[in-house]
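Structure assessment
Residue-level listing of the chains:
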Amino acid sequence: MSDPAPHSLWGQLLEWLHRYRFWLAPLSFSAGLASFMLIERREWLAQWVAGLLIVGWLLIVAEDHLTRWLRLSPALLRFGVQAIQQETFFFALPFFLHTTTWTTGQGVFTGAVTLAALCSIWDPLYYGRIVARQWLAVAFHAFAVFVGTLTLTPIVLHLTTQQTLALASVAVAGLCIASQRSLIDREQLSQRLLLIAGAAALGCLAWSLRPWVPPATLWISHAQVTDALDPVARTPGLALASVSPAHLHAQGLHAFTAIHAPRGLREQVYHRWLHEGREVDRIALDIVGGRAEGYRAWSQKRGFPADPRGSWRVEVMTESGQLIGQFGFNVIGDVVPPRPEQPGPEPAPLPSPPEDPPT
C-alpha cells in the first residue's frame with residue numbers, strides 16, 4: 001500500500017487555500033501588476049504562474065483520476081481548479097487593461113477577461129452556473145488557458161505575438177480533446193473524428209478572433225507625427241496635430257513610436273498609414289525588447305496624394321494583425337496646384353534604421 005502522506009499534504013494545502021480563498025484574487029492581481037511594472041526584472045513571477053496554469057490544465061483533464069489517486073473529494077479538487085483560474089485571470093488583467101485600445105473590439109475581449117475574473121471569485125455563480133454545466137466549465141477553463149498563454153509565453157519563452165496566438169489556439173483545441181474524450185465511444189471512428197473536428201473548429205475560432213485580442217506584452221510608450229527627426233539621437237521634433245498640404249508635399253512626415261516589449265523579444269510590427277479610414281501605405285519595422293523607455297522606431301512617408309486633406313491615422317500593428325496603438329493628424333488648408341515641371345520619381349516610404357540592442 002502506498003504512503004498516504006503526500007496525499008494528506010496535498011489535501012491540507014487545498015484546504016488551507018480554501019480557508020483563505022478571499023485573499024487569492026487581490027494577491028493574484030497584485031502579482032500581475034508587479035510583473036507588469038517590473039516585467040524586465042521579474043520573469044520568475046510569470047514562470048510561477050505558467051507552472052500553476054499547467055497544473056490547472058492537468059487538474060481539469062484528469063479530474064476523475066486525481067480524485068481517486070489523491071484521495072480528495074471532488075469539491076476540494078474543483079476548488080483547486082478555481083484557484084488556478086483566478087490566478088490566471090487576475091494575473092493577466094493588468095496587462096490587458098493597459099494594452100487595450102478601447103475604441104476597438106479589443107475592449108470587448110478585455111471586458112470578457114474582467115467578467116471571467118469576477119465570475120471566478122463569486123462562488124454562487126461559479127459553482128451554481130459554470131461548474132454545473134460541463135460544456136460551460138470546459139469553455140471557461142479553455143478561456144483561462146487562452147488568456148494565460150497570451151500573457152505568459154512572450155515573457156517566459158520570448159515568442160512573438162503571432163507565435164503566441166498560434167500556441168494559444170492549439171492549447172485551446174488540445175484542452176477540448178483531452179477534456180471531452182471520456183464522453184465519446186472510442187470504438188466509434190465517427191465520434192473521434194467529430195471530436196477532433198470540433199476541437200479544430202474551436203482552435204480556428206480562437207485564431208480568427210486575433211484582431212480583437214490586445215497584444216498583452218506590447219504597448220506604445222510614446223508616439224507622434226513630426227516633420228523633423230534626428231536619426232543619430234533617435235529623437236523626434238515637434239509633434240504635429242495638423243499640417244497644410246503644401247508643407248506635406250514639400251517635406252513629408254515621420255511617424256515616430258517607442259514600443260515597449262519584454263526583454264529578449266524580437267518582433268516585426270507595421271505602421272499603417274490610413275487616409276479617411278483607407279490604407280495607403282504599410283511599412284514594416286523590426287523592434288527589440290528590453291529598453292525601459294520603449295524601442296524607438298519610425299517610418300517616413302513622402303508620397304502623398306494630390307489632395308491629402310482630411311483625417312489621417314497611423315496604426316501600429318503586429319504581424320498577426322493585432323493593434324498595438326494608433327495616433328493621427330489632420331491635413332487642412334488649400335491645395336497648391338502643381339508646378340508645370342514634371343516631378344521626378346516618387347521615393348518609396350522608408351522605415352527607421354535598426355537600433356542597437358539595449359545594454
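This text follows the structure it describes.
All chains use their own residue numbering, which begins from 1 and follows the written sequence. Residues qualify for local features only when their pLDDT is at least 70, as the model is predicted, and side-chain atom pairs are given and counted only at 80 or more; totals for whole chains, interfaces and linings, by contrast, use all residues. Only heavy atoms go into the side-chain values, all of them from the structure, while hydrogens and water stay out.

Turning our eyes to something else, we now look at the packing of aromatic side chains. Think of it this way: a Phe, Tyr or Trp ring, Trp meaning its six-membered ring, pairs with another when their centres are within 6.5 Å, and the plane angle makes it stacked under 30 degrees, edge-to-face over 60, tilted otherwise. Going through the model one piece at a time under the given rule, you end up with 13 aromatic pairs. Both rings, one in Tyr-126 and one in Phe-140, keep their centres 5.9 Å apart while their planes meet at 70 degrees; by these two values the pair is edge-to-face. One end of the pair, Tyr-126, is in helix H7 (residues 123-130); the other, Phe-140, is in helix H8 (residues 134-156), with 14 residues separating them in the sequence. Residue Phe-140 is classed as buried on the basis of its relative accessible area of 9%. Members of the aromatic cluster, connected to one another through ring pairs, are Phe-89, Phe-96, Phe-109, Tyr-126, Tyr-127, Phe-140, Phe-143 and Phe-146. The numbering of helices and of strands both runs from the N terminus, where a helix is a DSSP run of H or I of at least 4 residues and a strand a run of E of at least 2. For every residue, the accessible area (1.4 Å probe, protein chains only) is compared with the maximum for its type, and the residue is labelled buried under 20%, exposed over 50%, or partly exposed between those bounds.

Put simply, a salt bridge is a Lys or Arg side-chain nitrogen that is within 4 Å of an Asp or Glu carboxyl oxygen. Following the criterion strictly, the structure yields seven salt bridges and no others. A salt bridge links Glu-279 to Arg-272, with the shortest nitrogen-to-oxygen separation between them at 2.8 Å. A relative accessible area of 31% places Glu-279 in the partly exposed class. The exposure class of Arg-272 is buried, given its relative accessible area of 15%. Ionic pairing is found between Glu-315 and Arg-272, a salt bridge with its closest N-O pair at 2.5 Å. Taken together, the residues span a long stretch of sequence, with Glu-315 in strand E9 (residues 310-318) and Arg-272 in strand E6 (residues 266-275) at a distance of 43 residues. Of the two residues examined, Glu-315 and Arg-272, each falls in the buried class. If you follow the salt bridges from partner to partner, you end up with Arg-272, Glu-279, Arg-282, Arg-313 and Glu-315 in one network.

So, on to unusual backbone geometry. For residues besides glycine, phi is generally negative; the peptide bonds are generally trans as well. The phi dihedral of His-158 falls on the positive side, at around 60 degrees, and the residue is not glycine. Summarising the element assignment, His-158 is placed in the loop between H8 and helix H9 (161-180). For His-158, a relative accessible area of 31% translates into the label partly exposed. Backbone geometry places Glu-276, a non-glycine residue, at a positive phi of 55 degrees.

What follows deals with empty space enclosed by the protein. Put plainly, a pocket is an open set of points on a 1 Å grid over the protein atoms alone with protein on both sides within 12 Å along at least five of seven lines, a cavity is a set where a 1.4 Å probe fits but cannot get out, and a lining residue has an atom within 4 Å of a point. Grid points are joined across faces, edges and corners, and a volume is the space filled by probe spheres set on the points. Scanning the entire structure with this criterion turns up one cavity of 30 Å³ or more. If you add up the space inside the largest cavity, you get close to 50 Å³. Together, Leu-150, Pro-154, Thr-161, Thr-164, Pro-214, Pro-215, Ala-216, Thr-217 and Gln-322 line the largest cavity. Contributions of two or more residues to the lining of the largest cavity are made by H8 and H9. Along the lines of polarity and charge, the residues of the lining of the largest cavity split into five nonpolar, four polar and no charged. Residues are grouped as follows: Ala, Val, Leu, Ile, Met, Phe, Trp, Tyr, Cys and Pro are nonpolar; Asp, Glu, Lys and Arg are charged; all remaining types, including Gly, are polar.

Here, axes are lines fitted to C-alpha atoms. For helices the fit covers the stretch in contact, and angles between N-to-C directions go from 0 to 180 degrees. Put simply, H7 and H8 touch, their axes get as near as 8 Å, and they point 125 degrees apart. Taken together, H7 and H8 sit at an angle that is classed as oblique. Along its contact with H7, which presents Tyr-126, Arg-129 and Ile-130, the element H8 presents Leu-136, Ala-137 and Phe-140. Of the residues that constitute the contact of H7 with H8, the class distribution is five nonpolar, no polar and one charged. Orientation is classified from the angle alone, with under 35 degrees giving roughly parallel, over 145 giving roughly antiparallel, 65 to 115 giving roughly perpendicular, and any other angle giving oblique. We call two residues contacting when some pair of their heavy atoms lies within 4.5 Å.

Attention now goes to the environment of Gln-106. On the secondary structure map, Gln-106 appears in helix H6 (residues 106-121). According to the relative accessible area criterion, Gln-106 is buried, its value standing at 0%. Between the alpha carbons of Gln-106 and Gln-322 there is a distance of 9.1 Å; along the sequence they are 216 residues apart. Counting of polar contacts relies on pairs of N or O atoms within 3.5 Å, with two restrictions inside protein: one atom must be capable of donating a hydrogen and the other of accepting it, and residues adjacent in sequence are counted only when both atoms are side-chain atoms. There is a polar contact of 2.9 Å between the side chain of Gln-106 and the backbone nitrogen of Thr-101. In terms of polar contacts, Gln-106 uses its side chain to reach the backbone carbonyl oxygen of Leu-323, at 2.9 Å.

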